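Listed here are the chains, written in short residue letters.
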Amino acid sequence: MKFSLTTKLAAASGLTALLLGGLVAPVAQADPIANGAKSLYGQLSGVGSDTTQDVMNGLQIAIGRVSNNGDWKLASYDANAAGTIQTKSNGNTAICRPNGSGNGLKALNVAIGADDSETCTPFSGSAGSWSTVAGANNVVGQFQYSRSSSGPTVVEGGVVAYVPFAKDAMGYAVSDDSVMPALTVGSSTDAANGSGVTPSSLWAIYNCAATRIITKTGAETKLVDNSYTLADGETSTRIRAYLPQAGSGTGDFWQGKSGAKFGSSVSNCVERKAFVAGDAGDVSGGDNTFTSAADYTGISVQEHSGAAVDGNPGAITPFSIPKWIAMAKGIEGVTDVRFGAVIGTLNGVVPTSGSGANLVINPDYITNGYTSYITRTVYNVVPYRLVTDPTTLE
């Protein structure tokens, strides 16, 4: 029996509530598995966004195989895993694994012949490339869709189509020993006043209006800029504002929605590589100075991972709330990479409700006029020529 490419990928419309609820199918898996004599490969093979990989992994199992021992109808390959991948039984055996929405789209474009070649920077391991030329990097026909947490750029007659998949709710993550106060979304006009105090907002942090956190026993925590002079009993902690790795749809979304701007008045206040002690620009203890530096020497900040903020009380990074919930619930097949990170309150709205197996996203977070500002539609990207083709192979 035939079913269209977009029908199966758009089956995701029925998963909207699941993603918003922080749920995936009861069992997911990182990359397709063979199960003995069964096929390891899929008819529709996809890569890309970390944000939706767990749901797609669960959907893969729910849809099943073409036949008892045949290919998976839908195959999904994780963004944040080690090693190369092979998507077809007779295909390239060592494809560089795309990490993130942008890289997934690049790989798909090469696979459908829209681009001749693209460079691949994987989650781990050596950089590689995808190519239409015969040889080790050839990926023609190896991908049929890509996962994307960034929206489409409308191009009349473009080569790909963005199929709406589900709704995601974004928040910010901090370490479990964070000194960051509860934040608001804020606005692009947020700035420091004469005493160096700024609004406690995402805009202030990601536009470099706020660079440090001031704490004092018995006093309200406040964000300040570099002009602030410490008073007796106050402690200064440097803010380390992170964005995920290059090619991340989450990073692109966050940069547009919370206002992160590279090259603003405080050089390099937003980082894509994680701080480690001893890096250039290291400011320790209650030191009242701020030293800007190039990207830290640590590893790239991976989207929806708490590794960058772990043990760093001034750090902050965007994080999908449903992803955080799925990790917290210990759903089989979902890797917990929170590293103790917690989702912060935004505009006074707590992002989650319930506990244990009943942990879900707080419905108020979706409907609140402020927090709904950082909810988003996520997509599966498919070749445009196949969208209305009734003969499309499943």
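Here the structure is a predicted model, which is why all the values come from computation and not from measurement.

1. Describing the overall build of the chain
- Counting secondary structure elements, the chain contains eight helices and 17 strands.
- Burial analysis of the chain (394 residues in total) assigns 53% to the buried set.
- Excluding contacts between residues fewer than 6 apart, the proportion of contacts in the chain whose partners are at least 24 apart in sequence is 70%.
- Summed over its atoms, the accessible surface of the chain is roughly 15900 Å², and 53% of this surface lies on carbon and sulfur atoms.

2. So, the nonpolar core
- Membership of the largest hydrophobic core comes to 50 residues, with the highest contact counts inside it found for Met180, Leu183, Ile205, Tyr206 and Ile316.
- Secondary structure elements with two or more residues in this core: strand S6 (160-174), helix H5 (202-206), strand S11 (240-242), helix H6 (249-257), strand S13 (315-320) and helix H7 (321-328).
- Among residues more than four places away in sequence, those in contact with isoleucine 316 are Tyr172, Ala173, Val174, Met180, Leu183, Leu202, Ile205, Tyr206, Arg240, Ala241, Tyr242 and Val309.
- In this structure, Tyr77, Ile95, Cys96 and Cys120 belong to the second largest nonpolar core, which totals 16 residues.

3. A look at H7
- In terms of residue burial, H7 counts as a mostly covered element, since seven of its eight residues are buried.
- What H7 keeps buried is the set Ile321, Pro322, Lys323, Trp324, Ile325, Ala326 and Met327.
- Capping the start of H7 is the job of one residue whose side-chain oxygen sits 3.3 Å from the backbone nitrogen of lysine 323: serine 320.
- A positive backbone phi angle near 65 degrees is found at glycine 330, which sits one or two residues after H7.

4. Some details on the packing of aromatic side chains
- All told, the structure shown has two aromatic pairs when counted by the stated rule.
- Note on tyrosine 162 and tyrosine 379: the rings are 5.6 Å apart at their centroids and 80 degrees apart in plane angle, and the pair reads as edge-to-face. Highlighted residues: tyrosine 162 in strand S6 and tyrosine 379 in strand S17 (residues 375-383), separated in sequence by 217 residues.
- The class for tyrosine 379 is buried, based on a relative accessible area of 13%.
- Judged by centre distance (5.9 Å) and plane angle (80 degrees), the ring pair of tyrosine 206 and tryptophan 254 falls under edge-to-face. Linking tyrosine 206 in helix H5 with tryptophan 254 in helix H6, this pair joins segments that are 48 residues apart in sequence. We note that tyrosine 206, like tryptophan 254, is buried.
- Positioned over the ring face of tryptophan 72 is arginine 65, at 4.0 Å from the centre of the ring.
- For arginine 338, the ring lying beneath its charged end belongs to tryptophan 324, and the centroid distance is 5.2 Å.

Calculation rules
Residues numbered from 1 in each chain as written. Predicted model: local features only at pLDDT ≥ 70, side-chain atom pairs only at ≥ 80, totals over all residues. Heavy atoms only, no water. Helix = DSSP H or I, 4+ residues; strand = E, 2+ residues; numbered from the N terminus. Buried < 20%, exposed > 50% of the residue type's maximum accessible area, 1.4 Å probe, protein only. Contact = heavy atoms within 4.5 Å. Areas by Shrake-Rupley, 256 points an atom, 1.4 Å probe, with all protein chains shown as cover. Core = buried A, V, L, I, M, F, W, Y, C linked by side-chain atoms within 4.5 Å. Polar contact = N/O pair within 3.5 Å; in protein donor to acceptor, adjacent residues only side chain to side chain. Phe/Tyr/Trp six-rings, centres within 6.5 Å; stacked < 30°, edge-to-face > 60°. Lys NZ or Arg CZ within 6 Å of the ring centre and 35° of its normal.

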